[in-house]
Amino acid sequence: MAIAEKLAEFRKIADNPKAQLEHYKAKGMKAVGIMPYFAPEELVFAAGMFPAGMWGSNTKTISRAKEYCASFYCSLVQLDLEMLLDGTMDGLDAVITPTCCDTLRPNSQNIKVAMKDKMKVIFLAHPQNRFPECGVKYTESCYNKIRAELDEVSGHKTTDEEIQNAIKVYNRSRAARREFVKLAGAHPEAVSAVMRSGVLKASYFMRKDEYADKLETLNAELKSLPASDWKGVRIVTSGIICDNPTLLKILDENQCAIVADDVAQETRSFRCDAPEDDADPIHALAIQFRDQDYDILLYDKFSSQNRRGEYVAKMCKDNHADGLILFMQQFCDPEEMEYPYLKKALDAAGIPHIRLGIDHQMRDFGQAQTAIQAFADVLG
């Protein structure tokens, strides 16, 4: 199968999450919704269930969720609840609700109330200070509780060996995605922004062993391509999520290649592996969470040093990017509060950037098109 056909297959999966849920349910698997961020998805996989990623929707309108959500909740969170209420996610047997931001925290309780008669709602509160041993121990206690709750859903008592195997599968999947990001950046003539997003988004709607098999095959073909002679603009993207095909098509139309990203739904989600040599797999998953870094959703005791801003600026430099586009989620307090510091680091490094406010409810991309076209012209 040609590279273009493989990319189209991933894009089709990314565009049909409900079909994927039905596919696994037809196999007799139970399914668990995984809301952002940092849920120990390996535990769901180890229990023999399908972890279904929940990152909003670009095709739905917020309606029923308004009965529960404040108007200033970001669209990602509201649409996750909307899909639970309107039947889109009726195939789920449970949902895990992490609480890494001030919107996810109360919305976890909205979901608990709204779904009390439909599915099990598993609450996850990570420790704010994850670095000291007490933080690791707290994470372990949270994960052990989730393990027990998932065992109730699956009807199967998960073994340490099954979790250790899941960690290996997920590390393999993460490695394949990291490699794909590099290869896509090296071959923008073969992997458009729309298709790049489709490949990465598809990981949320497939069992990770199946996904890794497909992606490793694609990576092998991308490796065999001759060196690219890209004449367009090289950019880094940043933000919580940037997966709308209509918006990404604007990048392709203006010859903007994504050579790397600092997007929570993309590279930030698979940047860090879990140790495979730990005798206690729950401890290994807690260590993985501890080692997550350079993320606006996580506490940074050295934030006054602007480590994250400098990290993103260095990412641009290391990938020879001409500039950065920040896709800022509307009503996202962490992103809004961070922006002045990110701008300071980018300006100090001489990296041009633009900031675009985005929302899952966007249907008119005229302003974004004008801004991206002007930015590409300046960089070009």
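Details of the structure are given in the entry above.
Procedures and definitions
Residues numbered from 1 in each chain as written. Predicted model: local features only at pLDDT ≥ 70, side-chain atom pairs only at ≥ 80, totals over all residues. Heavy atoms only, no water. Helix = DSSP H or I, 4+ residues; strand = E, 2+ residues; numbered from the N terminus. Rg over C-alpha atoms; globule rule 2.2 N^0.38 Å. Buried < 20%, exposed > 50% of the residue type's maximum accessible area, 1.4 Å probe, protein only. Contact = heavy atoms within 4.5 Å. Areas by Shrake-Rupley, 256 points an atom, 1.4 Å probe, with all protein chains shown as cover. Lys, Arg positive; Asp, Glu negative; His and termini not counted. Charge placed at Lys NZ, Arg CZ, Asp CG, Glu CD. Axes fitted to C-alpha atoms, helices over the stretch in contact; angles between N-to-C directions. Parallel < 35°, antiparallel > 145°, perpendicular 65-115°, else oblique. Left-handed = near helix turned anticlockwise from the far one by under 90°. Nonpolar A, V, L, I, M, F, W, Y, C, P; charged D, E, K, R; others polar. 1 Å grid on protein atoms, 1.4 Å probe; cavity = no way out; pocket = protein on both sides within 12 Å on 5 of 7 lines; lining within 4 Å. Points joined across faces, edges and corners; volume = space filled by probe spheres on them. Phe/Tyr/Trp six-rings, centres within 6.5 Å; stacked < 30°, edge-to-face > 60°. Pairing = 2+ DSSP bridges.

Caption draft 1: Molecular detail of the overall build of the protein chain. Check the secondary structure of the protein chain and you find 14 helices and eight strands. By the compact-globule yardstick of 21 Å for 380 residues, the protein chain fits well, its C-alpha radius of gyration being 20 Å. Taken along the three principal axes of its C-alpha coordinates, the protein chain extends 55 × 45 × 45 Å. Within the protein chain, the fraction of its 380 residues that count as buried is 57%. Sequence-distant contacts in the protein chain: of pairs separated by 6 or more residues, those separated by 24 or more amount to 75%. Here the protein chain has roughly 16,000 Å² of accessible surface; of this, 51% comes from carbon and sulfur atoms. One finds the centroid of the 47 positive side-chain charges in the protein chain at a distance of 1 Å from the centroid of its 56 negative side-chain charges.

Caption draft 2: Representation of the packing of helix α1 (residues 3–14) against helix α8 (residues 193–202) in the model. Direction vectors running N to C along α1 and α8 enclose 60°, while the axes themselves pass 7 Å from each other. Relative to α8, α1 is oriented oblique. Considering the relative orientation of α1 and α8, their crossing is left-handed. When α1 is examined against α8, the residues Leu7, Ala8, Phe10, Arg11, Ile13 and Ala14 are found in contact with a partner set consisting of Val194, Met195, Ser197, Gly198, Val199, Lys201 and Ala202. For the contact of α1 with α8, the per-class residue count stands at nine nonpolar, two polar and two charged.

Caption draft 3: Fine view of the layout of surface pockets. The space that makes up the largest pocket amounts to roughly 1,000 Å³. Taken together, 41 residues line the largest pocket, and the ones lying closest to its centre are Ile296, Leu297, Leu298, Tyr299 and Pro334. Elements with a minimum of two residues in the lining of the largest pocket: α12 (307–318) and α13 (333–348). In terms of residue class, the lining of the largest pocket is built from 22 nonpolar, nine polar and ten charged.

Caption draft 4: How the structure looks around the packing of aromatic side chains. Under the definition given, this model contains nine aromatic pairs. Centroid distance Phe10 to Tyr211: 5.7 Å. Interplanar angle 75°. Geometry classified as edge-to-face. With a gap of 201 residues between them, Phe10 in helix α1 and Tyr211 in helix α9 (residues 208–223) connect regions that are remote in the sequence. Note on accessibility: Phe10 and Tyr211 belong to one class, buried. Ring geometry for Tyr37 and Phe38: centres 6.4 Å apart, planes at 45°, overall tilted. Here Tyr37 and Phe38 have matching classes, each one buried. Among the aromatic residues, those joined into a cluster by ring pairs are Tyr37, Phe38, Trp55, Tyr204 and Phe289.

Caption draft 5: Region of interest: the pairing of strand β8 (residues 353–358). As judged from the six bridges shared by strand β7 (residues 323–329) and β8, these two strands associate in the parallel manner. Bridge pairing links Leu324 to His353 in β8.

Caption draft 6: Local environment of the sheet that holds strand β6 (residues 256–263). Pairing within the open sheet is parallel, and its four strands lie in the order β6-β5-β7-β8. Across the chains shown, the open sheet's two edge strands, defined by having one partner strand only, are β6 and β8. Averaged over all neighbouring strand pairs, the angle between strand axes comes to 25°, with direction disregarded.

Caption draft 7: Highlighting the side chain of Arg11. Of note, Arg11 is situated in helix α1. The contacts of Arg11, once residues within four sequence positions are left out, are Val194, Met195, Ser197, Gly198, Lys201, Asp243 and Pro245.

Caption draft 8: Quick peek at the pairing of strand β3 (residues 94–98). Counted residue by residue, β3 has five buried out of five residues, so it is predominantly covered. Neither face of β3 is open: one carries Ala94, Ile96 and Pro98, the other Val95 and Thr97, and all of them are buried. Taken together, the three bridges between strand β1 (residues 31–34) and β3 define a ladder with parallel strand orientation. Bridging across to β3, Val32 finds its partner in Ala94. Examined bridge by bridge, β3 and strand β4 (residues 120–124) share five bridges and lie parallel to one another.

Caption draft 9: Just the sheet that holds β4, in detail. Pairing is parallel across the open sheet formed by four strands, whose spatial order is β2-β1-β3-β4. The open sheet has two edge strands, β2 (50–53) and β4, and neither has a second partner. Averaged over all pairs of adjacent strands, the angle between strand axes in this sheet comes to 25°, irrespective of strand direction. Where helix α5 (residues 104–114) meets the sheet, its contacts fall on β3 and β4, and the angle it forms with β4 comes to roughly 160°. Packed on one face of the sheet, helix α6 (residues 133–154) meets β1, β3 and β4 and runs near 170° to β4.

Caption draft 10: Layout of the environment of Ile96. For Ile96, the location among the structural elements is in strand β3. Sequence-wise, Ile96 and Ala39 are 57 residues apart; in three dimensions their C-alpha atoms are separated by 7.3 Å. Those residues in contact with Ile96, other than ones at most four positions away along the chain, are Val32, Gly33, Ile34, Met35, Ala39, Val44, Ile122, Leu124 and Ile146.

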